[in-house]
Amino acid sequence: MAEVNGIPLHYDRVGRGVPIVFIHPPLLTGENFVYQQEQLADRFEVITFDIRGHGRSGYSKEKITYSLIADDICKLMDQLNIPKAYLCGYSTGGSVALETLLRYQDRFLGGILISGMSEVSDWYNRSRIWTAARITRLRAKRLMTAAIAIGNSDMPATFKRLYASAIQGHVRNLHQYYEYSYNYSCTSSLHRIHIPMLLIYGEKDVSFHRYAHLLHRSLPNSTLHLIAGAYHQIPTKNASALHELMRLWLADEVSSEEATSSVATSASASVSSTRAAATTILGEQQEYPDADSPIGTHADRIAQAPADRIAQAPADPEPGEQRL
């Protein structure tokens with residue numbers, strides 16, 4: 001537990017290596033990233049935390065906003081002596097990640113969005129957030145917690161873990177998180193985020209493909225992947241494919257940064273050449289990386305769809321699926 005901006009924040013810190021801070025969506029907690037803790041800690045330092053008012057973190061008298069969460073993240077990093085990290089947001093947590101990057105871009109090496117969005121502009125997902133906000137306003141916490149935990153569970157043990165953690169949240173803060181998400185948009189500011197961004201979506205999460213396309217088009221330095229056969233709840237239901245993508249992308253990022261640093265004192269022509277090479281590796285400004293790229297060679301596990309696969313219309317969710 002860490003005291004952050006006057007609020008006790010529960011966090012977990014496992015592994016050694018380049019740090020990655022994970023952000024969960026409303027009602028869920030850092031427990032949503034247990035597979036990431038277990039399977040990425042051999043190469044990375046995995047930091048998860050419960051947003052104020054969620055799980056084991058303290059109740060927030062101050063209304064939950066993305067800017068408030070962003071400030072908490074940076075203050076938590078300060079307490080953990082982490083000068084810079086990668087930031088990873090899942091679902092609505094992706095919106096929080098974008099707001100954090102817009103406010104504190106110099107604190108982060110790059111960003112990873114899993115089923116994320118910069119706005120909620122389609123009727124289907126807006127109606128889901130609106131419903132969640134109304135249910136939490138009515139203080140029907142058990143009903144909402146059960147529904148979200150079931151939707152994000154790959155097995156009964158996962159459900160028990162997610163439910164036990166989420167039910168501890170303070171319903172007023174849960175409602176505030178949902179309510180803020182309903183009207184949030186940072187799309188017009190995405191061009192200001194220049195650090196590398198990895199965008200990961202489920203091939204079958206059709207209603208979110210519009211946001212994948214929007215983010216990929218608007219972020220200056222982004223790489224987009226669809227995971228074959230996946231829906232929305234990738235951290236718990238498609239962890240292996242997710243981790244393969246993350247490891248490959250992060251390996252390229254670390255290598256590129258090291259290469260750039262090694263020539264920092266060389267002639268400017270050499271520096272320019274190194275940066276151009278890094279851009280080619282990252283697939284910057286491309287709709288999808290080439291099949292010959294380090295990420296693209298894993299096509300047996302990862303679907304890299306052509307542009308016409310980025311659909312605009314919503315589809316029926318997987319049975320029992322709760323996306324937001």
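These remarks concern the structure in this document. (Residues numbered from 1 in each chain as written. Predicted model: local features only at pLDDT ≥ 70, side-chain atom pairs only at ≥ 80, totals over all residues. Heavy atoms only, no water.)

Before going further, it helps to examine the overall build of the protein. A count of helices and strands for the protein gives 11 helices and nine strands. The 324 residues of the protein split such that 58% are buried. Long-range contacts, defined here as pairs at least 24 residues apart, represent 80% of the contacts in the protein between residues at least 6 apart. When the accessible surface of the protein is split by element, carbon and sulfur atoms take 52% of a total near 13,000 Å². (Helix = DSSP H or I, 4+ residues; strand = E, 2+ residues; numbered from the N terminus. Buried < 20%, exposed > 50% of the residue type's maximum accessible area, 1.4 Å probe, protein only. Contact = heavy atoms within 4.5 Å. Areas by Shrake-Rupley, 256 points an atom, 1.4 Å probe, with all protein chains shown as cover.)

Positive phi, close to 75°, is recorded for Leu-27, a residue that is not glycine. By the element assignment, Leu-27 lies in the loop between β4 (18-23) and α1 (34-40). The exposure class of Leu-27 is buried, given its relative accessible area of 1%. Of note in the backbone geometry, Ser-91 takes a positive phi value of approximately 55° without being a glycine. Along the chain, Ser-91 turns up in the loop between β6 (85-90) and α3 (92-103). Ser-91 sits in the buried class, given a relative accessible area of 0%.

To continue, consider the side chain of Thr-145. Assignment of secondary structure puts Thr-145 in helix α5 (residues 141-151). Here Thr-145 falls in the buried class, since its relative accessible area comes to 0%. When neighbours within four sequence positions are excluded, Thr-145 is seen to be in contact with Leu-27, Tyr-163, Ala-166 and Ile-167.

Spanning 14 residues, helix α2 (residues 66-79) covers 20 Å between terminal C-alpha atoms, matching the ideal 20 Å at 1.5 Å per step. Looking at α2, one finds that the buried residues are Tyr-66, Leu-68, Ile-69, Ala-70, Asp-72, Ile-73, Cys-74, Leu-76 and Met-77. Two residues or fewer past α2, Asn-81 is found with a positive phi of approximately 55°. (Expected span 1.5 Å × (residues − 1).)

Another aspect to go through is the pairing of strand β9 (residues 222-227). In terms of burial, β9 is largely enclosed, as six of its six residues are buried. With burial as the criterion, each face of β9 is covered, one bearing Ser-222, Leu-224 and Leu-226 and the other bearing Thr-223, His-225 and Ile-227. By the bridge criterion, six bridges tie strand β8 (residues 197-202) to β9 in an arrangement that is parallel. The residue bridging Gly-202 from the neighbouring strand is Ile-227, located in β9. The parallel pair β8 and β9 is bridged by helix α8 (residues 209-218), and the resulting crossover is right-handed. (Pairing = 2+ DSSP bridges. Right-handed = clockwise from strand over helix to strand, strands pointing away.)

Here we take up the pattern of salt bridges. Taken as a whole and assessed by the stated rule, the structure comprises nine salt bridges. Ionic pairing is found between Glu-45 and Arg-13, a salt bridge with its closest N-O pair at 2.2 Å. In this pair, Glu-45 is assigned in strand β5 (residues 44-49) and Arg-13 in strand β3 (residues 11-14), connecting sequence segments 32 residues apart. For Glu-45, a relative accessible area of 12% gives the class buried. The exposure class assigned to Arg-13 is partly exposed, which follows from its relative accessible area of 38%. Here Arg-103 and Glu-99 are joined by a salt bridge, their closest N and O atoms 2.6 Å apart. (Salt bridge = Lys/Arg side-chain N within 4 Å of Asp/Glu carboxyl O.)

As for its placement among the helices and strands, Asp-72 is situated in helix α2. For Asp-72, a relative accessible area of 2% translates into the label buried. Put simply, Asp-72 and Ile-7 are 65 residues apart on the chain and 9.0 Å apart in space, counted from C-alpha to C-alpha. The contacts of Asp-72, once residues within four sequence positions are left out, are Val-4, Asn-5, Leu-9 and Arg-52.

What follows covers helix α7 (residues 171-183). Counted at 1.5 Å a residue, the expected span for α7 with its 13 residues is 18 Å, and the 19 Å between its end C-alpha atoms agrees. The complete set of buried residues in α7 reads Val-171, Asn-173, Leu-174, His-175, Gln-176, Tyr-177, Tyr-178 and Ser-181. Close packing links the buried residues of α7 with α2, α3, α4 (123-137) and α5.

Turning our eyes to something else, we now look at the pairing of β6. Taking burial as the measure, the six residues of β6 include six buried ones, the bulk of the element. Where β4 lies against β6, four bridges are found, and the strand directions are parallel. Paired with Ile-20 across the bridge in β6 is Tyr-86. Two strands pair when backbone bridges link them, and β6 and strand β7 (residues 108-114) are joined in this way by six bridges, in the parallel orientation.

With that out of the way, let us pick up the sheet that holds β5. For sheets, the rule is that strands pair by backbone hydrogen bonds, running either parallel or antiparallel. Here seven strands make up an open sheet; going across it, the order is β3-β5-β4-β6-β7-β8-β9 and the pairing mixed. Either end of the sheet is taken by a strand with one partner, and the two such strands are β3 and β9. Averaged over all adjacent pairs, the angle separating strand axes in this sheet is 15°, with direction ignored. Across the face of the sheet, α3 comes into contact with β4, β6, β7 and β8 while running at roughly 145° to β6. In the packing of α8 onto the sheet, contacts are made with β7, β8 and β9, and the angle to β8 comes to roughly 165°. (Axes fitted to C-alpha atoms, helices over the stretch in contact; angles between N-to-C directions.)

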